[in-house]
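# Residue-level structure breakdown
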Amino acid sequence: MAKVVLENVSKIYSGGVVAVRDANLEIEDQEFVVLVGPSGCGKSTTLRMIAGLEEISEGNVYIDGKRVNDVPPKNRDIAMVFQNYALYPHMTVYNNMAFGLKLRRYPKAEIDKRVKEAAEILGITELVNRKPKALSGGQRQRVAVGRAIVRKPKAFLFDEPLSNLDAKMRVQMRTEISKLHTRLSSTMIYVTHDQVEAMTMGDRIVVMKDGIIQQVATPLDLYHHPVNKFVAGFIGSPPMNFFDGRIEQGSGGLYFNEGSFKVRLAEEHQAVMGSYVGRQVTFGIRPEDVADALFVTNPHPEEQIQARLEVVEPMGAEVYLYLNTGRHGFIARVEGRETAQVNQMLAVVFDMKKSHFFDVETSKAIV
Ligand code: ADP
């Protein structure tokens with residue numbers, strides 16, 4: 001198993017497209033790292049450079065301490081699982097899984113042992129004599145994973161492996177891949193555009209945008225301490241609410257004034273925000289940190305605002321309220337006992353201790 005290191009890695013495609021810019025990343029042995037970001041942000045290119053399927057324009061990639069820039073893919077001892085499964089249609093499941101080992105001239109008994117073991121792990125033992133066309137999407141993806149497992153590689157690379165599956169199967173395979181990681185204790189690098197997949201599967205998450213790594217952190221750290229507005233808005237569903245406005249000095253300390261409402265900053269944010277008095281900032285608050293004042297005991301009047309309720313979305317255990325201040329729309333995620341009616345003004349409370357502030361010019365998090 002292996003540690004994977006990227007050192008100042010860039011990829012410039014012919015034509016001058018900078019797909020990845022100066023990436024630095026250390027993936028520990030046995031770690032599950034997810035690369036996430038919107039389409040075109042350079043995730044696949046990063047993965048393909050690790051796999052050796054794409055030339056590295058600048059910088060170095062190390063696997064297990066060895067620089068692999070010039071090592072061909074087949075000698076890197078890693079296995080990749082693709083979105084489209086890439087199975088051989090004319091071969092049985094068994095032969096699809098055995099093929100790579102046959103090419104490497106493994107003894108027949110060893111191949112048989114490994115294929116049977118992988119099939120057992122993935123719960124596809126009954127399917128080994130079928131051809132891919134006789135399998136469901138989820139079963140095909142299992143075969144593709146099985147083909148990777150039998151090689152016992154140093155690291156597994158996954159490129160959007162669940163994108164072709166329906167929602168239910170995606171959730172199921174997500175858990176299975178996580179279990180597989182626990183069982184095999186191997187290094188796994190997983191690319192997805194789906195932040196829920198990233199949050200639920202990764203030991204650590206790498207958030208990318210426009211070819212640049214924005215933040216590398218554990219799921220909860222990313223969620224609670226995003227380094228900039230992009231990460232704050234990308235991680236979390238429904239996404240964080242943002243309001244543009246100004247920091248003002250008032251009788252009770254510092255306030256955020258949006259134009260149609262004004263709230264007092266939490267005690268712990270007062271000092272840090274001092275240098276922003278009189279300046280524009282972006283205020284961010286997650287939907288679960290906005291409450292209907294009716295259900296809050298002793299709501300602080302200076303954390304409360306009035307907003308028009310435009311849409312109510314009952315989700316079962318909870319309800320999403322789509323509100324509008326007159327200047328900004330925002331979402332509150334509240335408990336299922338919510339009774340508010342649309343087209344009414346609603347008093348809502350912001351949990352200001354949980355608020356975020358971003359610099360308007362740099363988009364960087366201030367608090
Ligand atoms: P992601 O996986 O995050 O969707 P990619 O790594 O596939 O992003 O692509 C990153 C950027 O590089 C995109 O702007 C994409 O258009 C560009 N790109 C990808 N492959 C090539 C290529 N072979 N030639 C030129 N540009 C490419």
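Our subject in this report is the structure included herewith. Just so it is clear, the model here is predicted, and its values are computed rather than measured.

### Structural notes on the sheet that holds strand β1 (residues 4-12)
What the four strands build is an open sheet, ordered β2-β1-β4-β5; its pairing is antiparallel. The sheet is open, and its two edges are formed by β2 (18-27) and β5 (66-67), each paired on a single side. Across five bridges, the pairing between β1 and strand β4 (residues 58-63) is antiparallel. By the bridge assignment for β4, Ser 10 is matched with Glu 58. Against the sheet, helix α1 (residues 43-51) contacts β1, β2 and β4, and its axis sits at roughly 120 degrees relative to β1.

### Some remarks on α1
Burial analysis of α1 places seven of its nine residues in the buried class, which makes it a mostly covered element. Three or more residues of α1 are buried, namely Lys 43, Thr 45, Thr 46, Leu 47, Met 49, Ile 50 and Ala 51. Just downstream of α1, Gly 52 is the residue with a positive phi angle, here 90 degrees.

### Observations concerning the sheet that holds strand β19 (residues 345-350)
The sheet built from five strands is open, its strands ordered β15-β19-β16-β17-β18 with antiparallel pairing. On the outer flanks of this sheet lie β15 (290-292) and β18 (329-335), each paired with one strand and no other. The mean inter-strand angle of the sheet, taken between neighbouring strand axes irrespective of direction, is 50 degrees.

### What about the packing of aromatic side chains?
For the structure shown, the criterion picks out 17 aromatic pairs. Here the aromatic rings of Phe 32 and Tyr 190 are separated by 5.8 Å at their centres, their planes lie at 40 degrees, and the arrangement is tilted. Here Tyr 190 lies in strand β8 (residues 187-192) and Phe 32 lies in strand β3 (residues 32-36), a separation of 158 residues in the sequence. Here the aromatic residues Phe 243, Phe 256, Phe 261, Phe 283, Phe 330, Phe 350 and Phe 357 are joined through ring pairs into a cluster of three or more. Just above the ring of Tyr 276 sits the side chain of Arg 279; from NZ or CZ to the centre is 4.2 Å. Sitting over the face of the ring of Tyr 223, Arg 286 holds its NZ or CZ atom 3.8 Å from the ring centroid.

### Some words on the site of the ligand
For the ligand, the full set of nearby residues is Tyr 13, Val 17, Ala 19, Pro 38, Ser 39, Gly 40, Cys 41, Gly 42, Lys 43, Ser 44 and Thr 45. One of the backbone nitrogen or oxygen atoms of Gly 40 is found 2.7 Å away from an oxygen atom of the ligand. Here an oxygen atom of the ligand and a side-chain polar atom of Ser 44 are 2.8 Å apart. In terms of residue count, the dominant contributor to the shell around the ligand is α1 (three residues). Classifying every residue of the shell around the ligand by side-chain character gives five nonpolar, five polar and one charged.

Analysis parameters
Residues numbered from 1 in each chain as written. Predicted model: local features only at pLDDT ≥ 70, side-chain atom pairs only at ≥ 80, totals over all residues. Heavy atoms only, no water. Pairing = 2+ DSSP bridges. Helix = DSSP H or I, 4+ residues; strand = E, 2+ residues; numbered from the N terminus. Contact = heavy atoms within 4.5 Å. Axes fitted to C-alpha atoms, helices over the stretch in contact; angles between N-to-C directions. Buried < 20%, exposed > 50% of the residue type's maximum accessible area, 1.4 Å probe, protein only. Phe/Tyr/Trp six-rings, centres within 6.5 Å; stacked < 30°, edge-to-face > 60°. Lys NZ or Arg CZ within 6 Å of the ring centre and 35° of its normal. Near = heavy atom within 4 Å. Polar contact = N/O pair within 3.5 Å; in protein donor to acceptor, adjacent residues only side chain to side chain. Nonpolar A, V, L, I, M, F, W, Y, C, P; charged D, E, K, R; others polar.

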